[in-house]
Amino acid sequence: MIEDDREKILASIRRGLRGTERPSAGRSAKSPLLTEPDADFASRFAHFKAELSALGGEAATAGSETDLADIVTAKKTGAIFVYDDIRTGYGTFTSLLTESREARFGLEFGRGYDKREAASFESAVTGCVACIAETGSAVIKTDMRLPAALATSLFVVAEERQLLGSLDELFTDRFGNFEGSNLLLITGPSRTADIEKELVTGVHGPKEVTVVFVQR
Amino acid sequence: MRVHLFVPCFIDQLFPNVAVSTLKVLRHLGCDVVFPESQTCCGQPAYNTGYFDEARLMAMHEVNSLIGMVSDKSEFDFKHDYIVGPSGSCVAMIRNSYPELFSEDERYSKLSLDLSKRVYEFSEFIDKIIGIDNFKGELNTTVSFHDSCHGLRELGIKEGPRKILRRIEGLKLIELPYTEVCCGFGGTFSVKFPEISAAMADEKLRNFAGTGADIMVSGDSSCLMHLQGRARRTGLPKRFAHIAEIMAESLPAERS
Amino acid sequence: MELRSRKFRTLYKTEVGNAQLRANLSKATLQAVDKRGQSFAEVDFKFLQDEAKKIKQESLSRLNDLLSQFEDSARKNNCRIFYAQTPEKANAYVLDIARRYGARTAVKSKSMVTEEIGLAPFLIRNGIETVETDLGEYIVQLAGETPSHITTPAIHKSRTEISRLFHDKLGTELNSDPAFLTAEARRVLREKFLSADIGISGANFLVAETGDIVIVENEGNARLSTSAVKVHIVVTGIEKVIPKFSDLRIFMRLLGRSSTGQKITSYVSLLRGPSTEDEKDGPEEVHIILLDNGRSGLLGTDHQEVLHCIRCGACLNVCPVYRNIGGHAYGSVYPGPIGSLVTPLYFGEQNAPDLPFASSLCGNCTEVCPVGIDIHHQLLAVRHEIKSAKKGGVERFIFRNYRKAMLRPGRYRLAGKIARGLSKTPLLRYFLKGWTQHRELPRFPSRSFREIYKSAKAK
């Protein structure tokens, strides 16, 4: 094992800072947004949709699980991976889905599954922790990272109450104390502009991101 | 209103007409203008090249000169008088950098802080102290205004000179694309890295040529000297003029 | 990466004449500048900048405590922490982990710190295939080059050049459509992700309170590099730690806007360590390497604020010097205005004697800096230090005598007169050749303003 330089570095830091340390500074509670976040779901959703659409993503509302199934199956993608949070709460949806599409479920996979299998799904559908109107983002926390990361088409299912107005609401203790190894904010399709600043979507991750709010 | 005229060294030596025009316009606007003759250089070239000690000595001399403490009879009244100079860059040196340079010298620190409240760039002085409405001119021409970086970012001068130019009847102002991008002068930068400096000038001149304007007007003769020098070398037949010159030319007496 | 910043004077001269390079850079940087401007329309930039600066000031002034707090949080999340003073030590540690795991392939996402320590070439030399997975980095790696921009590594390359490169190295057809080229890279890199053993990333922020490793990106390659692997190694600088989770509300709004004009990047990963028992994939081990390499030396000095940098690249995009010479001319991993500070301050002023002077001090960098670094005044301060450390020299001699003349108005008048008299002779042109090689001298007037003023007054 290589011995690290912890003590040396911390000593150097203390030496440099000597006498200039300051106590924790206060924070302004103000939001940097020039307009107040929308209060009701309808205007929040309109905002969310505008943001996500501008990035090439899609946002929709579904009155029922049947509507949700219609939205998902309307995209002519191949095999779909269904995350467990969707399987358990959305019985009608999943059974409709399996009628029209080859679907695999999270529970079929165990720890240490073959990652090539995850790469075989063209699409994935997952629940989420929150969505943010300000930016058109979906915040997801999954027990399998790869299907969502590798799918060409990603569906995020959300409930109305999960739609936050702004990032100010996300970066609070409520979400900061999440359980699990990671939280991911996805804002529109995977993209790059590394070649002459020309925008190309679907680089390593989804080319299509669809967020559906289900009213139940 | 009494004004001590601050004439940066290179304007004094190379572009006297800019100073003459400044004087003319200020007098036309009713100012009582004196030129403290012992002033030389504000020290900016040394300062920006990293020679702070040399700069500090020059700054001391300049401070004393500008407030009439060296040889002139006209002593400066910090409550009522102003120092006005036709250069955003050199005024920024006095207003912003002198207090830094003198931070460890009690006497000069106070003096330079007092001074920084009374020193104005020419167009800024007309905009903020005299009032734009007091000026009116007439000149048939098409111009673009070049924002000097120090005027723009150190002094916050943006709309003032444009408002002034719009007070000149017959003058058409066409905005430069990327007007806030540096022209590449940068003091000793222009001779330390001449190829980069020239490439930056070319960028600016291309944008200027694209506007179709006849004259490039600015509040800083240093930018203009650089751009004009490059334009003449590359064969761009345009005029480069200080805003004070354009204003002086637009005055009624000047036209007759 | 080998530091070549001492050779700046030679390097920039070849780059400044490269018309293709200038065209590529102009197009890309000006587009980024425009987008950045538009993206700040709905938020209060000044407020965000002030808050970010305040948070960074606090982070550095409490760095000792915050690092300890971060360690505690990260250990609770089952991460392992390793402090490295030098690039060699950091590299050796990564290699040690890789060997322990018998790793053959490493996938790497974009990280300036790994560029700084030359990690990828080091691993490759030691037999571990290390693949850059950010498209721009991948292009640069294929070409055997180094990145020329902090956030857009292949900004210096045109689509035609990239198409030729892919054709030569990957055997793809000659098609310069960016969508085609990107799809080709996706195909090749996906296979790498699926076969990789370890993943290497940087970190944009480390949150002391929660132990979060925050990584922002657009392509999804960082997500895969940190997820599709058994071991995830984070290599980052000690200055990246911030106090609170809620501080992210400020930085997340600034970073994307400043670098590419996005309200937020497509992906933000908040990583908290190895996968938990309930999770079915993700890394089994997460190692966090905290690199010093000259950083702690800035604490408590006038240059401390340089450590605020969040590597957004906004100062590069607005910089007309950068735009005309490109990133490679700087001879350092860190180019542009911030690079002209970081390079001498981290790696020694003697190693970058010219970089702080390669700026017209226009201040556009300072204006756009999201964390409030007074970049151009910092450059000025480094200039002063470099000049103060060097005794003698022609330039000092000139400035000393210039000053002497300026303190005596009589001498000043005389000097001006002589210079104006000499203006028509070749002698002055010789002395001013830095000017006259590229520009005409102004037409020297016969009388100075003070002479005109004096004679008018006498009348």
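Being a predicted model, the structure only gives us computed values, none of them experimental. (Residues numbered from 1 in each chain as written. Chains lettered and ligands numbered in written order. Predicted model: local features only at pLDDT ≥ 70, side-chain atom pairs only at ≥ 80, totals over all residues. Heavy atoms only, no water.)

### Topic: the overall build of chain B
Right, so step 1: A count of helices and strands for chain B gives 14 helices and eight strands.
Right, so step 2: Here the C-alpha radius of gyration of chain B, 18 Å, is about what a compact globule of 256 residues would show, namely 18 Å.
Right, so step 3: With respect to the principal axes defined by its C-alpha atoms, chain B has extents near 50 × 45 × 25 Å.
Right, so step 4: Taking as baseline every contact in chain B between residues at least 6 positions apart, the subset at least 24 positions apart corresponds to 76%.
Right, so step 5: For chain B, the exposed area adds up to about 8800 Å²; of that, 50% sits on carbon and sulfur atoms. (Helix = DSSP H or I, 4+ residues; strand = E, 2+ residues; numbered from the N terminus. Rg over C-alpha atoms; globule rule 2.2 N^0.38 Å. Contact = heavy atoms within 4.5 Å. Areas by Shrake-Rupley, 256 points an atom, 1.4 Å probe, with all protein chains shown as cover.)

### Observations regarding the pairing of strand E1 (residues 79-84) of chain C
Residue and element names in this part refer to chain C.
Right, so step 1: Taking burial as the measure, the six residues of E1 include five buried ones, the bulk of the element.
Right, so step 2: Strand direction decides the pairing type here: E1 and strand E10 (residues 285-291), joined by six bridges, are parallel. The residue bridging alanine 84 from the neighbouring strand is leucine 291, located in E10. (Buried < 20%, exposed > 50% of the residue type's maximum accessible area, 1.4 Å probe, protein only. Pairing = 2+ DSSP bridges.)

### What about the packing of aromatic side chains?
Right, so step 1: Enumeration according to the criterion identifies 37 aromatic pairs over all chains in this entry.
Right, so step 2: Between phenylalanine 81 of chain A and tyrosine 83 of chain A, the aromatic rings sit 4.8 Å apart at their centres with planes inclined by 80 degrees, giving edge-to-face as the arrangement. This pair shows no difference in class: phenylalanine 81 of chain A is buried, exactly as tyrosine 83 of chain A is.
Right, so step 3: Centre to centre, the rings of phenylalanine 10 of chain B and phenylalanine 15 of chain B are 6.3 Å apart; their planes meet at 85 degrees, and the pair counts as edge-to-face. (Phe/Tyr/Trp six-rings, centres within 6.5 Å; stacked < 30°, edge-to-face > 60°.)

### Thoughts on the arrangement of the chains
Right, so step 1: Inter-chain contacts occur across two pairs of chains; the most extensive set of contacts lies between chains A and C.
Right, so step 2: Contact between chain A and chain B is absent, and the minimum C-alpha spacing across the pair is 19 Å.

### Remarks on the interface of chain A and chain C
Size of an interface: often given as the accessible area lost when the parts come together.
Right, so step 1: Taken residue by residue, the interface counts 86 residues in chain A and 110 residues in chain C.
Right, so step 2: A per-residue breakdown of the area chain A buries against chain C is headed by Phe171, Lys197 and His204 of chain A, which together make up 10% of the total.
Right, so step 3: If you look at where chain A meets chain C, you find 15 salt bridges.
Right, so step 4: Counting across the interface, chain A meets chain C through 64 residue pairs in polar contact (both at pLDDT 80 or more). (Buried area = accessible area lost by both parts, 1.4 Å probe. Salt bridge = Lys/Arg side-chain N within 4 Å of Asp/Glu carboxyl O. Polar contact = N/O pair within 3.5 Å; in protein donor to acceptor, adjacent residues only side chain to side chain.)

### With respect to the interface of chain C and chain B
Right, so step 1: Opposite the 63 residues of chain C that make contact, chain B presents 62 residues.
Right, so step 2: In total, chain C and chain B occlude about 5900 Å² of area from one another, counting both sides; carbon and sulfur atoms represent 59% of this.
Right, so step 3: Taken together, chain C and chain B are joined by nine salt bridges.
Right, so step 4: When the shortest N-O distance is used, the salt bridge between glutamate 54 of chain B and arginine 403 of chain C registers 2.5 Å.
Right, so step 5: Counting across the interface, chain C meets chain B through 34 residue pairs in polar contact (both at pLDDT 80 or more).
Right, so step 6: At seven residues, helix H18 (residues 394-406) of chain C tops the list of elements feeding residues into the side of chain C that touches chain B.
Right, so step 7: Class assignment of the residues belonging to the side of chain C that touches chain B gives a composition of 26 nonpolar, 14 polar and 23 charged. (Nonpolar A, V, L, I, M, F, W, Y, C, P; charged D, E, K, R; others polar.)

### Remarks on unusual backbone geometry
Right, so step 1: Although it is not a glycine, tyrosine 178 of chain B sits at a positive phi angle of roughly 50 degrees.
Right, so step 2: Residue tyrosine 178 of chain B is classed as partly exposed on the basis of its relative accessible area of 32%.
Right, so step 3: A positive phi angle, close to 70 degrees, is found at asparagine 78 of chain C, a residue other than glycine.
Right, so step 4: Along the chain, asparagine 78 of chain C falls in the loop between helix H4 (63-76) and E1.
Right, so step 5: Residue asparagine 78 of chain C is classed as exposed on the basis of its relative accessible area, which comes to 57%.

### Some points on the nonpolar core
Right, so step 1: Within the largest apolar cluster, 234 residues are counted, with the highest numbers of intra-cluster contacts made by Leu26 and Ile196 of chain B together with Leu248, Ile288 and Ile338 of chain C.
Right, so step 2: For this core, the leading source of residues is helix H5 (residues 88-101) of chain B, giving seven residues.
Right, so step 3: Every residue in contact with leucine 26 of chain B, bar those within four places of it in the chain, is listed here: Val3, Leu5, Cys31, Val33, Val84, Phe122, Phe125 and Ile130 of chain B.
Right, so step 4: In this structure, Phe41, Tyr113 and Ala138 of chain A together with Leu181 of chain C belong to the second largest nonpolar core, which totals 57 residues. (Core = buried A, V, L, I, M, F, W, Y, C linked by side-chain atoms within 4.5 Å.)

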